[in-house]
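# Structural overview
Listed here are the chains, written in short residue letters.
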Amino acid sequence: MTPTTIRDRYLKANPTSAAAATRAERVLPGGDTRAAGFHLPFPITVERGEGAWLWDLDHNAYVDLAGNYTSLVHGNAYPPAIEAASRAMRDGTAWPARNLYQFELAEAIVDRVASVDQIRFANSGTEAGMLALNTAKVITGRSKVLMARFGYHGSHEAFEYGSFDGRFHVPGTDDTLLATYGDPESFEAVLSEHGAEIAAVFLEPVMGSGGIVDAPPAFYQRVERAARDAGALFVIDEVIAFRLAVGGAQSALGVTPDLTMFGKLIGGGFPVGAVGGKAEHMAVMDPRAPKLFHSGTFNGNPVTMAAGAVSVEHLTDAAIAEMARLAERLDVGLRAAAADAGVPLSVRRVGSLLNIYFSETLPEASLRRQDAKMMGAFHLAGMVNGLYFAPRGMLVISTAMDDAIIDDCIARASLAMGEARDEVQSAG
Ligand SMILES: Cc1ncc(COP(=O)(O)O)c(C=O)c1O
């Protein structure tokens, strides 16, 4: 009898999701509408989420270590956010004029982030990136952008080029310059050669999509200085990193960005994006004397704003510290499990974010990993053992988790590691 493969077990556990995949493939390319979470043979179709758990159409339960790619900082269907959204929704879901919920969320963010005097809402982090870039272009009269290779600032052609090191290039968009994350000299070199054409320099405090890669504060400070010397705006992308400190990750880096991008957690589980910054820069969008036309049918809708205010207000110092403690517990437990299983494991961890690599040494970024076979096998084995996490090995903690759930994750991961190891070894 041939041994059952991890793939066979996944197929056996997910007949309803398999049928849903066939249905979806007729009307959605590859059955999907979002690239990051896709994996073979097909992703599960989710039916429900609650707290730290997800369930699929076949009623398999998973510990949710994706947290919708970090946006669900308080877990699935966080009751206070759902309550706030439901209350708001009873009065309507979108209005053509401003609403009080916008002011509350804007105040919550402005009061926390020292560099942000004012804020402007949009509907995704991608839109936040586009708005920040357009603002910088209008202010400087320049067209180019400098970002880190493997940085991620949204699904927009100006940034996608850098996120995948040139792999995706939408024709006609040649204004993106790249430098090496963590290497201030490489940014300084590009700025000294092309500074006069560069509208803005974008940086994540931690490269999220790149694999939870961070750098010492001096890196961000030197890039900020070089950007200012070149007359470019300095933009910090807190779409993921805002979960790391009440004042934003930037508060620990000793930088004062001109503009900050927000998204994910500030929507309380609903679609959102925002750009904040110094009042003098934000003034380009002031509708009383606009230099940039920024609009959006759903910008600042009451449902997102009401849930978002709860999400931000509940993200306290204590909550952030507790998530980091749980992340460390997971990190230690996964390393011990890997040692027991006899597989090499490296972990990048910043606060409540982790990325795992089945190698002795850390690659420059996720896209440069050498462990694709073991990572793929562990991901599918993780699913079979009730762990849901990003296929690239990102694991995310939420405030809905506790020690018992983390220990449960470690036990499940331990089983998955052994199964993945056996399969990879037997495949040679
Ligand atoms: C750092 C960062 N910026 C921007 C974005 C884009 O946000 P969205 O997916 O909401 O468009 C993401 C999304 O993952 C992100 O991680």
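Residues numbered from 1 in each chain as written. Predicted model: local features only at pLDDT ≥ 70, side-chain atom pairs only at ≥ 80, totals over all residues. Heavy atoms only, no water.

Pairing within the open sheet is antiparallel, and its three strands lie in the order 11-12-14. The open sheet has two edge strands, strand 11 (346–350) and strand 14 (394–396), and neither has a second partner. Recorded for the sheet is a direction-independent mean angle of 20° between the axes of neighbouring strands. Relative to strand 14, strand 12 (residues 353–357) runs antiparallel, the two being bridged by three bridges. Note on strand 14: the bridge partner recorded for Asn355 is Met394. Here helix 12 (residues 317–341) sits on the sheet in contact with strand 11, strand 12 and strand 14, set at roughly 175° to strand 11. (Pairing = 2+ DSSP bridges. Helix = DSSP H or I, 4+ residues; strand = E, 2+ residues; numbered from the N terminus. Axes fitted to C-alpha atoms, helices over the stretch in contact; angles between N-to-C directions. Contact = heavy atoms within 4.5 Å.)

Okay, the site of the ligand next. In the vicinity of the ligand, the contacting residues are Ser124, Gly125, Thr126, Tyr152, His153, Gly154, Glu204, Asp237, Val239, Ile240 and Lys264. In the model, an oxygen atom of the ligand is placed 2.5 Å from a nitrogen or oxygen of the Thr126 side chain. The side chain of Lys264 places a nitrogen or oxygen atom 2.8 Å from an oxygen atom of the ligand. By residue class, the composition of the shell around the ligand is three nonpolar, five polar and three charged. (Near = heavy atom within 4 Å. Polar contact = N/O pair within 3.5 Å; in protein donor to acceptor, adjacent residues only side chain to side chain. Nonpolar A, V, L, I, M, F, W, Y, C, P; charged D, E, K, R; others polar.)

Our focus in this paragraph is the domain arrangement of the protein chain. Each assigned domain of the protein chain is listed here: domain 1 (6–73 + 316–427) and domain 2 (79–313). One C-alpha centre belongs to domain 1, the other to domain 2, and the line joining them spans 27 Å. Counting residues at the interface gives 27 residues for domain 1, matched by 24 residues for domain 2. Carbon and sulfur atoms make up 62% of the surface buried where domain 1 meets domain 2, a total of about 2100 Å² over both sides. Connecting domain 1 to domain 2 are zero salt bridges. Our count for the domain 1 to domain 2 interface comes out at six residue pairs in polar contact (both at pLDDT 80 or more). In terms of residues, the side of domain 1 that touches domain 2 owes the most to one element, strand 12, which gives four residues. A per-class count over the side of domain 1 that touches domain 2 returns 14 nonpolar, seven polar and six charged. (Domains from an automatic or database assignment. Buried area = accessible area lost by both parts, 1.4 Å probe. Salt bridge = Lys/Arg side-chain N within 4 Å of Asp/Glu carboxyl O.)

Glancing now at the sheet that holds strand 1 (residues 46–50). On the basis of which strands lie adjacent, the open sheet formed by four strands has the order 1-2-3-13 and mixed pairing. Bordering the open sheet on either side are strand 1 and strand 13 (387–388), each of which pairs with just one other strand. Summarising the sheet, strand 1 and strand 2 (residues 53–56) pair through four bridges and their orientation is antiparallel. Residue pairing for strand 2: Arg48 is matched across the bridge by Trp55.

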